[in-house]
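The primary structure of each chain is shown beneath.
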Amino acid sequence: MAELENIQNLRENFKKQNKSCFILGASGATGKELLKEILKQQLFSNVTIIGRRKLTFDEVAYQNVNQQVVDFEKLDEYSAAFQGHDIGFCCLGTTKAKGGADGLVRVDRDYVCMSAELAKTGGCKHFLLVSSSGADKHSIFFILKIKGEAEVKIEELNFDRCTIFKPAVILCDREESRPLEWCARKILGCLSHVMSITALSVPVSTLARAMVNNVVIQSDKKVELLENKDIHMIGNQHETKTKMGPKKTF
């Protein structure tokens, strides 16, 4: 793989392009961390979060964040919210326990795909989606099947560039209760202090940083599928030169 330039130089060059972005799912653990990272790096001239309710922020850094409130059940009536953004980040997702099987399909596949379609029509050039490790439309596991179907539909929209992140267990503190995931995070969090488990988990901060870093790193590939180890590699890019990790491309 070609050697990357210093990541800081890439960020500075990107800033000069005055790009705008939107975030879907900014109220969730990954979306919150992503918004925090985007504002920290100050890469975009305009940042918009699109969601079903307005969010409240106390920090001064969030004062210029635009908010668009939409009804995902009538998303085609809110096409204006998706107009004029260069980059789209999608962190939408729920659980079968929280929304039931039908709710999971609506959020993880239908809302994601409808949003992507509106973004493409609105001029979005680079769409970044948080999916899941093991996601496959042929999977025997319901949630992985749904997420796999969403991946295929997003790829078919033919964005100028599409990046799909496939993290394993995301190490974070969620507001809603997910007992099994909580236990897995605690166990993996402890193990991470004594051994490398980059194939099994990823800190939410690393995932968010990988998403932002991916935007500034140029690619000639239309579709990038980034597995957990790739997320670690890209998310841990700081001020040093390195090489891109292996990734599936089309």
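Everything that follows concerns the structure shown earlier in this document.
Residues numbered from 1 in each chain as written. Predicted model: local features only at pLDDT ≥ 70, side-chain atom pairs only at ≥ 80, totals over all residues. Heavy atoms only, no water.

Asker: Looking at this structure, I do not really get unusual backbone geometry. What am I missing?
Answerer: Across residues other than glycine, the phi torsion is negative in most instances, and most of the peptide bonds are trans. We note that asparagine 18 has phi near 50°; this positive angle belongs to a residue other than glycine. Inspection of the secondary structure puts asparagine 18 in the loop between helix 1 (7-15) and strand 1 (20-24). Residue classification places asparagine 18 among the exposed residues on the basis of a relative accessible area of 54%. Of note in the backbone geometry, asparagine 158 takes a positive phi value of approximately 60° without being a glycine. Relative to the helices and strands, asparagine 158 is located in the loop between helix 4 (142-156) and strand 6 (161-166). (Helix = DSSP H or I, 4+ residues; strand = E, 2+ residues; numbered from the N terminus. Buried < 20%, exposed > 50% of the residue type's maximum accessible area, 1.4 Å probe, protein only.)

Asker: Even after reading the chapter, I still don't get helix 2 (residues 29-41), so can you show me in this structure?
Answerer: In this model helix 2 runs 19 Å from its N-terminal to its C-terminal C-alpha over 13 residues, within 8% of the 18 Å that 1.5 Å per residue would give. Burial analysis of helix 2 places 10 of its 13 residues in the buried class, the great majority of the element. Along helix 2, the positions that sit buried rather than exposed are Ala29, Thr30, Gly31, Glu33, Leu34, Leu35, Glu37, Ile38, Leu39 and Gln41. A positive backbone phi angle near 55° is found at glutamine 42, which sits one or two residues after helix 2. (Expected span 1.5 Å × (residues − 1).)

Asker: Help me out: how do you make sense of the environment of lysine 32 in this one?
Answerer: In this structure, lysine 32 sits in helix 2. For lysine 32, a relative accessible area of 36% translates into the label partly exposed. Considering only alpha carbons, one finds lysine 32 and alanine 208, 176 residues apart in sequence, at a separation of 9.0 Å.

Asker: Quick question: what am I supposed to make of helix 4 here?
Answerer: One full turn of an α-helix is made of 3.6 residues, so residues set three or four places apart face in the same direction. An ideal rise of 1.5 Å per residue puts 21 Å on 15 residues; helix 4 measures up with 21 Å between its terminal C-alpha atoms. Of the surrounding secondary structure, the elements contacted by the buried residues of helix 4 are helix 3 (96-121), strand 5 (126-130) and strand 6. (Contact = heavy atoms within 4.5 Å.)

As far as function goes, none of this settles anything; it's purely spatial.
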